[in-house]
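Letter by letter, the chains look like this.
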Amino acid sequence: MSPVFVFLLLSLVRGVVLDPAGRPVEGAKIACGAETSTTNSRGAFEFQKPCTATVEKSGFEPKTIALSDTKETEITLALASLSDHVLVTATGAPIAMEEAGVAANVFTSADLSARQFPFVQDLLRDVPGLSIVQTGRNGGLTNLFARGGDSDTAMVLLDGIPVTDPGGNLDFVHLTSTGLDRLEVVRGPESALYGAEASSAVIQMFTQHGDVESRIPHGSFLYERGSFSTDHWSGTLDGGLLKHIDYALTADQFRSTGEFENDAYRITTGTANIGYHFSDNTILRAVYREFDSYIGVPGQVFYGLTDTNAWETVRDSGLSVRLDDARGKRFTQKVIFGYHRNSTLDVDTSNGNPYTIAGLTRTVPGPIPYTYFVGLVSPSTTVAPPGTSLSTYTYYPYAYESPTLSDRTNVQYQGTWTHKNGALVFGYEYERQAGDISGLNVSRSDNGLFISDQYALTPRIYLTASARYQQSSTFGSEFAPRGAVTFRLPTETFLRFSASRGIKEPSLLENFANAGYYVGNPALKPETTQSYEVGLSREWLTRRLRTELSVFRNSFHDLIEYDSAVYPGTWQNVDQAWARGAEASASLRITHYLAVRGAYTKLYTKVTNSSTPGEIGEELLRRPKNSGSVSLELTPKRWMVIVGGRFVGERQDEDYVFGVNRNPGYQYVFADASYQATKNLMPFVRIQNALNEQYQEALGYSALSRGATGGLRITW
């Protein structure tokens, strides 16, 4: 080895970037004179010569530090206040969250890692304004209701590509966070940018990508095991090749036998993100994500209705190919091709004799009578105790096989022109939606033109104006505008006002069904949402405390309801409803190692018109009036401990068995803990439903009792 080479090797400037808990920070950007570098999965970086460097990473305060070649420099970043988060989903271009004029939440890779990459639904449960309803256990159908909207009105995107079924349906139970780098949640209609399914919220998942400068592959492996025969493993691998290619590969599998008979659940997910850098300004990126799942479907076990012969399989895949191109400092553009396909098979081989169950209910009289479930009794019972009523239900097992298939092909162009006072975003989107409905191959197409402008009228007044012209081969043309104004008041206080119109197109079934006794209605109009919002956010105590309050009113029109009064049955635009409420959230960093977060939602809903007259005046189903969460995060040196609780209040529901229409509230407590034993080893443990609360998110479907898992995460 030559003396010159040895000298250069010894004179390299090396360092490592850590978070306040002593964990490595991956993806931090370091500018060292004319050189730049990005930390790898171990938080490490290196330069050729000493300098004064600037270190930046989303979610942390920037830091300037002198680097020397005498020793490896250890740089600990302080956590940034939430106001430093950047939001992409709200306006189509990066913007500070307070200036976007929306209510939003961002989960970064640090948030996912701290919770050991939970299911996405577990993260969304702590977002104000969102209600998650799961039919019982692991694998149970999981719906999301945003600000009183229905379960098919929140659009979910993966790197810009819709992954909901045509018409907006999505089972959130299958969304795993392994392989994700970031999750953004925007509450309120966003049809102006995202079209005819984003009428109550948009949730966008961003996948991890590798470092093109990383010649040595880095990765991780996680394994955990626990209650209900739960097994969970995941692996990641990322790096760079040939100075032009970055890659990130992930695989994940979760398995559980469950708590009840026929309660098994298995899901295997894989993600590949590969980018080719033609130059610093032009990057071609392809992302492929697929999952395959098996779910036992035991039914309403809380009522003793256990089906031992029903199961479901799902195969879901999504592909996006994206070209990002910068033309100078002011103009960037991107072209995206996306494809999403979902194939589901529901099977029940039951062919037994019918049987009868009996239960006691209690009804509270009023303008809208409330009926509660008291408990099961013997089917031979003939007299109900005082204050209760006796109800019976006869279950008729029958065999069926129901396959469903849908896909959507999406092509988008978006240009972003940065001007003196903001940025103008404009583009075009084409989508073809298709599926197998009633044994027929059906399809429809959508075209959308959109424009959005962010404009700083003064240093303290920010305007956002967006609009979309949507044309569909089924419902014709619709216009979806959105406008917001944000005032930056003294003492870091932001006041925003916004108004928007959301649209939600019918499902393929509602348009094209042809089953003899029920048929689709191709003349259906899209459901619409008129939304108004006022929001106030402020930072206190030298930015250690951040509070936010949002008040909103949504009016839902032309809601689609199945009409069984005609033959054959069909769907009509007849229902109307409204939702109004308030969302409050707070985040307080008490000390360097201790933080508290909390959220609360107050929601009022009412049906104002329905094809079923008895529903008029009722609350919308499964939207609780009161809900909230609180968590305590303790991060002393190598430890990370998160203890939290959620409460969901009483809500309107329907059990379709005993005529029960009210579901009691419940509390849920969890705890996550991890220890960074070395730079590469992290044991962890988590406890779900720590108080062993017995509850049902959907009537008749028992939630899991207390459970615990433990495992080990290895990084290299």
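Every residue gets a number counted from 1 within its own chain, in the order that chain's sequence is written. This being a predicted model, a pLDDT of at least 70 is required before a residue's local features are given, and a value of 80 or more before pairs of side-chain atoms are given or counted; all residues contribute to the totals for chains, interfaces and linings. Hydrogens and waters are ignored; side-chain quantities use all the structure's heavy atoms.

(A) Highlighting the state of the cysteines. Cysteine sulfur atoms are paired as a disulfide whenever they fall within 2.5 Å. The full count for this structure, using the stated rule, is 1 disulfide. Each sulfur of the disulfide joining Cys32 and Cys51 lies 1.7 Å from the other. Its torsion about the S-S bond being -125 degrees, the disulfide of Cys32 and Cys51 is classed as left-handed. In this pair, Cys32 sits in strand S2 (residues 29–32) while Cys51 sits in strand S5 (residues 51–56), placing the two residues 19 residues apart along the sequence. Only protein chains enter the accessibility calculation, which uses a 1.4 Å probe. A residue is then buried if its area is under 20% of the maximum for its type, exposed if over 50%, and partly exposed in between. Look at Cys51 and you get buried, because its relative accessible area is 16%. Note on conventions: DSSP H or I runs of at least 4 residues are helices, E runs of at least 2 residues are strands, and numbering of each starts at the N terminus.

(B) Expanded view of the environment of Val630. Checked against the element boundaries, Val630 lands in strand S37 (residues 626–634). Among the residues examined, Val630 registers a relative accessible area of 47% and is labelled partly exposed. Separated by 43 residues in the primary sequence, Val630 and Ser587 place their C-alpha atoms 9.8 Å from one another. With near-sequence residues (within four places) excluded, Val630 lies in contact with Val596, Arg597, Gly598, Val643, Gly644 and Gly645. In what follows, residue pairs with any heavy atoms lying within 4.5 Å of each other are defined as contacts.

(C) Region of interest: the pattern of salt bridges. Here, a salt bridge means any Lys or Arg side-chain nitrogen found within 4 Å of an Asp or Glu carboxyl oxygen. With the rule as written, the count across this model stands at 36 salt bridges. In this structure, a network of salt bridges that share partners links the residues Glu98, Arg147, Arg187, Arg496, Glu533, Arg546, Glu548 and Glu583.

(D) Seen up close, the confidence of the model for the protein. Here the protein shows a mean pLDDT of 92. Residues at 70 or above account for 96%. Values of pLDDT, the confidence the predictor places in each residue, fall between 0 and 100. Overall, residues 1–10 carries pLDDT values under 50, and its contacts beyond four positions in sequence, including any with other chains, amount to 3 contacts.

(E) A look at the packing of aromatic side chains. In this analysis, rings of Phe, Tyr and Trp, with Trp reduced to its six-membered ring, are considered paired at centre separations within 6.5 Å, and the interplanar angle assigns stacked below 30 degrees, edge-to-face beyond 60, and tilted for intermediate values. The final tally for this structure, using the stated rule, is 20 aromatic pairs. Their ring planes at 25 degrees and their centres at 6.2 Å tell us that Tyr294 and Trp311 sit as a pair that is stacked. One end of the pair, Tyr294, is in strand S21 (residues 282–296); the other, Trp311, is in strand S22 (residues 310–327), with 17 residues separating them in the sequence. Residue class for Tyr294 comes out partly exposed when judged on its relative accessible area of 28%. Put simply, the rings of Phe302, Tyr303, Phe373 and Phe658 pair up and form one aromatic cluster. Here, a charge over a ring means that NZ of Lys or CZ of Arg falls within 6 Å of the ring centre while also lying within 35 degrees of the ring normal. Against the face of Trp578 rests Arg553, its NZ or CZ located 5.6 Å from the ring centre.

(F) Highlighting the pairing of strand S16 (residues 201–207). Judged by how many residues are buried, S16 sits mostly within the fold: 7 of 7 residues are covered. The side-chain alternation of S16 yields two buried faces, one formed by Ala201, Ile203, Met205 and Thr207 and the other by Val202, Gln204 and Phe206. A pair of strands is considered paired only if DSSP assigns at least 2 bridges between the two. Inspection of the sheet shows strand S15 (residues 180–187) paired to S16 by 7 bridges, in the antiparallel sense. Bridge pairing links Leu180 to Thr207 in S16.

(G) Fine view of the nonpolar core. Working definition of a nonpolar core: buried Ala, Val, Leu, Ile, Met, Phe, Trp, Tyr and Cys residues. They are joined through side-chain atoms within 4.5 Å. Within the largest apolar cluster, 24 residues are counted, with the highest numbers of intra-cluster contacts made by Leu124, Leu144, Val156, Phe172, Leu183, Ile203 and Met205. Of all the elements in the fold, those that place two or more residues in this core are helix H3 (120–124), strand S11 (130–134), strand S12 (142–146), strand S13 (154–158), S15 and S16. Dropping the residues within four chain positions of it, Ile203 is found in contact with Leu124, Leu144, Met155, Val156, Leu157, Phe172, Leu183, Glu184 and Val185. Listed in part, the 15 residues of the second largest apolar core include Val17, Val25, Phe45 and Phe47.

(H) Representation of the sheet that holds strand S26 (residues 389–395) in the model. Pairing is antiparallel in the open sheet, where 3 strands are placed in the order S25-S24-S26. Among the strands making up the open sheet, the edge pair consists of strand S25 (370–377) and S26. Taken over all neighbouring pairs, the strand axes of this sheet differ in orientation by 35 degrees on average, direction set aside. The sheet contact formed by strand S24 (residues 355–364) and S25 spans 7 bridges and is antiparallel. Its bridge partner lying in S25, Val364 is registered against Tyr370. A fitted line through C-alpha atoms represents every axis, and for helices the fit uses only the stretch in contact; the resulting angles, taken between N-to-C directions, go from 0 to 180 degrees.

(I) Representation of the sheet that holds strand S6 (residues 63–67) in the model. The 4 strands lie next to each other as S3-S2-S5-S6, forming an open sheet whose pairing is antiparallel. In this open sheet, the two strands that pair with only one neighbour each are strand S3 (35–38) and S6. Ignoring strand direction, the axes of neighbouring strands in this sheet form an average angle of 25 degrees. Sheet topology note: the S5/S6 ladder contains 5 bridges and is antiparallel. Bridge pairing in S6 links Val55 to Lys63.

(J) Representation of unusual backbone geometry within the structure. Cis geometry is found at the peptide bond from Tyr567 to Pro568, where omega equals -5 degrees. As for its position among the elements, Pro568 is in the loop between strand S34 (545–563) and strand S35 (570–591). Backbone geometry at Arg147 places phi at a positive 50 degrees, although glycine is not the residue there. Looking at the element boundaries, Arg147 is found in the loop between S12 and S13. If you check the backbone angles, Lys243 has positive phi at about 65 degrees while not being a glycine. In this structure, Lys243 sits in the loop between strand S18 (230–241) and strand S19 (245–256).

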